[in-house]
Structures are given as structure tokens and as C-alpha cells.
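# Reading the structure
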Amino acid sequence: MAGTANGTRRTVLITSGEPRRAVDLRDPVLKFPAQSLVVANNGFLSRSSTADNSRPLVSGGSSTETYVKAGRVFDPPPTSAAGRYRHTPPVPPRQHTSWRDRGGRVVQSLRPIVGVSSGAVSNAGLALAFGILTARILGPTGQGELTVWVTVSSLAVLVLTLGTGTALRVRSRGVPSKSDCAAYAVFTLVAAIVAAALTVAIGLPVHHSSSSGVISAAFLLGFSFMLGRQAGDLLQAAGLTSFSVYSGAVATGVQLLLFAVACLSGHGTVFFALICGSVGYLSQMYFAVHRSRRAGTRLGVRTTTSAVSSLIKIGAPTLGYSVGLLVIQRADRIILAGVLGARSAGIYAAAATLAESIRLVPAAIGQLLFARTAVAQRATGETRHLYKVAATLILGSCAAIIAISGPLVRILFGSQYSGAVPILRGLVIAEIFMGLALLDSRILMGLARTKEVGLISTLLVLIALPTYYLGIKLFGVTGGVISCIVLYAAYSAILWARRRKIDDALGHLSPLPH
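As the structure is a prediction and not an experimental result, all values here were calculated from the model.

Turning next to the overall build of the protein. Looking only at helices and strands, the protein has 14 helices and eight strands in total. A total of 514 residues make up the protein; the buried ones form 47% of that total. Taking as baseline every contact in the protein between residues at least 6 positions apart, the subset at least 24 positions apart corresponds to 76%. Of the roughly 23,700 Å² that the protein leaves accessible, carbon and sulfur atoms contribute 64%.

Encoded structure:
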């Protein structure tokens with residue numbers, strides 16, 4: 001460390017096997033507390049969230065000691081007249097890496113990815129199977145109607161959560177209080193009723209030809225979807241993240257099983273598909289509440305308005321990213337159904353179901369990028385390597401799907417969806433940009449830029465809605481695909497540029513004097 005006794009020039013060394021660099025703690029780009037710095041081996045400093053606030057920091061090979069108190073850095077007089085270090089650990093030379101070592105490095109990087117994504121893989125696989133089954137049984141028109149109701153329900157539920165699930169996780173830190181749980185439960189029950197009504201209110205103008213039975217089933221879907229989603233967040237608040245992921249698999253698995261039984265009994269209709277979805281989300285709620293209670297979470301319904309308002313106040317600012325991203329990814333189907341009809345929306349949705357399977361790669365690796373970046377508070381060699389691995393897997397997956405798109409659509413969906421082949425190829429190209437955007441957004445959020453990412457997503461929604469409408473109105477389904485590619489590319493470019501700017505600010509720092 002280098003600095004003056006009055007703390008006016010405060011710099012610390014941050015490196016991890018890379019050239020030594022000096023960081024001014026007053027720099028607003030960094031955004032991490034000084035007391036989170038601790039000494040690692042070989043004279044290098046690293047970041048730890050459990051560092052003692054008054055622990056002396058001793059650089060290896062040097063007698064210099066620096067104390068961190070109240071976020072300020074104070075150094076003793078320098079050990080030389082020039083005010084420089086007497087000893088600086090040498091930077092290890094770059095060594096040649098064999099192909100075997102490189103392969104082992106890739107395998108080592110993929111191990112944690114598999115560990116964090118096993119639940120997500122099972123959930124995504126069940127969702128894909130359910131989408132394929134409904135598409136084959138319901139046909140393009142029925143699939144289009146189901147897509148409208150499910151998409152509208154997702155949007156209504158996500159908006160009406162008001163970020164209370166995130167707020168509960170932030171306040172709980174693994175042990176949610178009884179008062180917070182009571183406020184959360186009362187809010188969820190009220191919001192579920194509103195979400196059900198909003199689902200019907202938005203869905204009817206888009207698909208006004210639905211029967212009264214389908215409308216009633218859509219109402220139930222909105223209600224149960226809210227309960228299931230909020231229950232999953234309750235598990236995360238209780239520190240049961242893995243069970244939260246598997247609760248989603250419970251919901252999708254029950255939907256798939258029940259709809260398969262309904263098809264075998266001759267009841268493969270949109271109405272029964274919505275009912276099966278509702279039962280699936282209610283099963284998710286039961287599973288989540290049961291596991292939470294076993295973990296010691298105390299639930300109740302006695303609460304106050306101020307307790308509910310407190311959760312909303314914390315959670316509402318976090319909605320920008322999730323709501324904006326969902327609108328960007330799903331608004332095209334609602335507009336397509338309203339302009340061109342349910343059949344076109346069904347064919348488009350079938351192609352999108354296969355294209356969106358590519359998002360599993362950035363979703364899984366994005367979790368690791370977020371965690372690693374949040375700890376280091378800058379891009380490291382590991383995060384750059386993970387980013388390259390993810391980009392390679394995304395490009396490889398897209399190339400494979402494009403190459404076999406024709407046989408793939410015919411085998412999975414049947415000849416009635418042959419028109420989905422060119423749509424699938426276009427949407428796969430769009431997914432390249434969306435995959436990169438998801439990676440960059442995770443890195444930015446790891447650098448405490450969640451509100452910034454939410455603002456970008458929200459502003460893009462204002463462009464996405466008219467873009468989708470004009471593209472579909474003027475050029476039909478092709479216009480929807482082109483609009484999707486353009487919007488995803490713009491979203492990816494903005495996030496990439498912002499991430500690179502912050503990365504450059506953190507990476508091109510003045511060298512430590514020696």
C-alpha cells in the first residue's frame with residue numbers, strides 16, 4: 001500500500017497473479033469498502049467480505065503496515081526517502097501451456113457450471129418437453145392461444161410482485177423474520193387476486209375468441225402462478241437456493257405429467273393445459289412452504305401496512321431489469337397474436353421454444369460470472385476465460401441448431417409446423433446476441449450496477465414495443481424475426497459497451513510506484 005498520513009492520497013494494491021496496480025479508493029467506479037481488503041500470499045492483496053475492519057494489512061516481503069478503519073487508509077512513514085517500496089514481488093513470467101493443460105483448465109471451469117446449473121437444466125428440459133407436447137397436441141392455433149395466456153400471465157405476475165421476493169431475501173439473510181414472512185404472505189395473497197384479474201383483462205383483447213372455460217382457467221393460472229413464484233422466493237430467503245430451483249422443476253414436472261395423462265384420456269385442449277399449469281404452480285407452492293417450515297421459517301398472516309410498504313419500498317427499484325427483459329423477450333408473441341392471429345403466433349412460439357433452449361448456457365455460466373465478479377469487483381483472468389467459454393458454447397449451439405433445423409422441427413413438432421424452420425433460423429441468430437447480453441448483464445450486476453442494467457432494459461422496452469408492432473404490421477412474421485434480431489443486437493451492444501468501459505476503468509490503473 002502507498003499513501004500519506006492524512007489519508008488524502010489513498011491507494012491500494014489489487015492483483016491476482018497479474019501486474020501490480022494502484023487503485024484510488026476515492027474512485028467512484030470501484031464501489032467497494034476499503035475494509036474488505038485482506039492480504040493473501042506472495043504480497044498480493046485480495047478482497048474478502050469477512051475482513052476485520054481494524055486488521056493490519058501487511059504486504060509480504062515488506063515491513064510496511066497499513067490499518068483500515070472507518071473506510072480510511074492510513075500508512076506509517078515510508079521505508080525510504082523516495083517514499084517507495086523497498087521490495088516489490090516480481091511478476092511471474094508467462095509460461096507455455098500444453099494442450100493437455102488447456103483442456104484440463106476448460107474441464108475445471110465447467111465443473112462449477114455443472115454444479116450450479118443441475119436444477120436449471122432439469123427445469124429447462126421439462127419446460128422444453130412440455131412445450132413440445134402442447135405444440136403437437138394442440139396444433140398451431142391452440143398453441144398460439146396457450147402462448148398468449150401464459151405470456152400475459154407471466155408479465156402480470158412479474159410486475160405485481162413489486163420486487164417483494166427480492167426484498168425478503170435482502171432483509172432475511174438466510175433467516176426470515178416472522179413479521180416479514182407475515183407481510184410477505186398477506187401481500188402475496190392480495191397480489192395473486194389482482195394478477196388473475198389482470199391476466200384476463202390483458203389477454204381478452206389479444207385473443208377475444210377464447211371460451212368462457214379457457215378464460216376461467218386463465219384466471220386460475222394467474223392466481224396460482226403468483227403463489228408459486230412467491231413461494232420459490234421464500235425458499236431463497238430461507239437460504240434454500242437449491243430447493244428454490246428444484247421447486248420450479250416440481251411445477252413444470254407436474255404440468256407435464258398431468259397434461260400427458262389428459263392427452264391419453266382424450267382431453268388434450270387449451271383448457272386442460274391451463275388447468276395443468278395451475279395445479280403445477282400450486283404444487284410448487286406446497287413444496288416450497290413445506291421445505292421452508294422444515295427449515296424453521298415461521299409463517300403467519302398478522303401484519304401491518306407499514307411492514308408491507310417496507311418490502312415494496314426495497315423491492316420495487318429492482319424490477320427494471322427483470323420486467324424489461326421479459327417484455328423484450330416475449331412481447332413479440334403477444335403482438336403477433338393480436339395482429340396476425342393465433343395460428344401465426346403458435347408457429348412462431350414453436351420456433352422460439354427451440355431457439356430459447358440456447359439460453360441455458362448463458363444462464364448457467366452467468367451465475368458464476370456474477371459470483372466471481374461480485375467478489376473481485378473487477379474482471380479477472382477467470383471471468384474472462386468463463387466469458388470466452390460461454391461465447392464459444394453459444395456459437396456452437398446456434399450453429400448446430402441451424403444445421404439440423406429442418407429435421408429437428410419435423411421430428412419434434414410434425415409437418416404442420418414446417419413454416420417454423422426459417423423462423424427458427426432467424427431466432428437462433430437473435431439468441432447469439434441475447435446470450436452475450438445475459439453474460440454482460442450478470443457481470444455488470446456483480447459490479448453493483450443492477451439499477452443501471454434495469455434502466456437500460458426499461459428504456460429498451462420503450463423502443464421494443466413500437467419496433468415489434470411496426471415490423472409485424474409491415475412484414476408479418478418475418479418482420480417479427482428481424483425486429484427481434486435488431487433489438488437483441490442493440491441490447492447486447494449497449495451492455496457490452498458499458499461493461500467494457502467499466503472493465504477498462506478497473507483494468508487500466510496507474511502502476512504502483514517502485
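Tallying each qualifying case throughout the model produces five aromatic pairs. Here the aromatic rings of Phe 130 and Phe 259 are separated by 6.0 Å at their centres, their planes lie at 75 degrees, and the arrangement is edge-to-face. Remark: Phe 259 occurs in helix α5 (residues 241-264) and Phe 130 occurs in helix α1 (residues 99-160); sequence separation between them is 129 residues. Owing to a relative accessible area of 12%, Phe 130 belongs among the buried residues under this scheme. On the basis of relative accessible area, Phe 259 is assigned to the buried category, the value being 0%. Relative to Tyr 417, the ring of Phe 413 lies with its centre 5.6 Å away and its plane at 55 degrees, an arrangement referred to as tilted.

Our focus in this paragraph is the pattern of salt bridges. Evaluated as defined, the whole model comprises nine salt bridges. Here Arg 333 makes a salt bridge to Asp 332, at a shortest N to O gap of 3.9 Å. The exposure class of Asp 332 is buried, given its relative accessible area of 2%. Here Glu 452 and Arg 449 are joined by a salt bridge, their closest N and O atoms 3.6 Å apart. Among the charged side chains, a salt-bridge network with shared partners connects Asp 332, Arg 333, Glu 356, Arg 359 and Glu 431.

Here α5 spans 35 Å end to end across 24 residues, near enough to the 34 Å set by a 1.5 Å rise per residue. Within α5, the full set of buried residues consists of Ser 244, Ser 247, Gly 248, Ala 249, Ala 251, Thr 252, Gln 255, Leu 256, Phe 259 and Ala 262.

Quick look at the nonpolar core now. Val 409, Phe 413, Leu 424, Leu 427, Tyr 468 and Tyr 491 are the most contacted members of the largest nonpolar core, which has 71 residues in total. Counting only elements with at least two residues in this core, the list comes to α1, α8 (319-340), α9 (342-355), α10 (360-376), α11 (381-403), α12 (405-413), α13 (420-446) and α14 (450-507). Membership of the second largest hydrophobic core comes to 35 residues, among which are Cys 181, Leu 234, Ala 237 and Ala 273.

A few words on the packing of α10 against α11. Two quantities define a packed helix pair, namely the angle between the helix axes and the distance between the axes. Contact pair α10 / α11: the axes reach a minimum separation of 10 Å and the direction vectors enclose 170 degrees. Here α11 runs roughly antiparallel to α10, going by the angle between their axes. Contact residues: Val 361, Pro 362, Ile 365, Leu 368, Leu 369, Arg 372 and Thr 373 in α10; Glu 382, Thr 383, Leu 386, Tyr 387, Val 389, Ala 390, Leu 393, Ile 394 and Ser 397 in α11.

Attention now moves to a nonpolar patch on the surface. A surface patch of nonpolar side chains, amounting to about 410 Å² of accessible area, comprises Leu 455, Leu 459, Leu 462 and Ile 463. Along the chain, Leu 459 falls in helix α14. For Leu 459, a relative accessible area of 47% corresponds to the partly exposed category.

A separate point is empty space enclosed by the protein. Vacant regions in the atomic arrangement are exposed by a probe of water-molecule size rolled over the atoms. Tallied over the entire structure, the rule returns three cavities of 30 Å³ or more. A volume near 60 Å³ is recorded for the second largest cavity. When contributions to the lining of the second largest cavity are tallied by element, the ones reaching two or more residues are α8, α9, α13 and α14. The residue inventory of the lining of the second largest cavity, partitioned by class, reads six nonpolar, one polar and five charged.

Our next topic: α13. Taking 1.5 Å as the rise per residue, α13 with 27 residues should run 39 Å; its terminal C-alpha atoms sit 37 Å apart, in good agreement. Phi for Ala 448, located one or two positions after α13, is positive at around 65 degrees.

Phi at Leu 162 is positive, roughly 55 degrees, even though this residue is not glycine. Residue placement: Leu 162 occurs in the loop between α1 and α2 (164-172).

Interpretation of the predicted coordinates at a detailed level should be avoided for regions scoring low in pLDDT. Taken over all residues, the pLDDT of the protein has a mean of 77, while the share at 70 or more is 74%. In this model, residues 1-89 is a region of pLDDT below 50 whose contacts with residues beyond four sequence positions or in other chains number 172 contacts. A low-confidence stretch, residues 508-514 stays under pLDDT 50, and its non-local contacts, those more than four residues away or across chains, total 18 contacts.

Along the polypeptide, Arg 499 turns up in helix α14. Taking the relative accessible area as the measure of exposure, Arg 499 reaches 11% and is therefore buried. Those residues within four positions of Arg 499 in sequence are excluded, and the remaining contacts are Tyr 387, Asp 440, Ile 443 and Leu 444.

Parameters at a glance
- Residues numbered from 1 in each chain as written.
- Predicted model: local features only at pLDDT ≥ 70, side-chain atom pairs only at ≥ 80, totals over all residues.
- Heavy atoms only, no water.
- Helix = DSSP H or I, 4+ residues; strand = E, 2+ residues; numbered from the N terminus.
- Buried < 20%, exposed > 50% of the residue type's maximum accessible area, 1.4 Å probe, protein only.
- Contact = heavy atoms within 4.5 Å.
- Areas by Shrake-Rupley, 256 points an atom, 1.4 Å probe, with all protein chains shown as cover.
- Phe/Tyr/Trp six-rings, centres within 6.5 Å; stacked < 30°, edge-to-face > 60°.
- Salt bridge = Lys/Arg side-chain N within 4 Å of Asp/Glu carboxyl O.
- Expected span 1.5 Å × (residues − 1).
- Core = buried A, V, L, I, M, F, W, Y, C linked by side-chain atoms within 4.5 Å.
- Axes fitted to C-alpha atoms, helices over the stretch in contact; angles between N-to-C directions.
- Parallel < 35°, antiparallel > 145°, perpendicular 65-115°, else oblique.
- Patch = residues over 30% accessible without salt bridge, like charges linked within 9 Å, V, L, I, M, F, W, Y side chains within 5 Å.
- 1 Å grid on protein atoms, 1.4 Å probe; cavity = no way out; pocket = protein on both sides within 12 Å on 5 of 7 lines; lining within 4 Å.
- Points joined across faces, edges and corners; volume = space filled by probe spheres on them.
- Nonpolar A, V, L, I, M, F, W, Y, C, P; charged D, E, K, R; others polar.
- pLDDT = per-residue confidence, 0-100.

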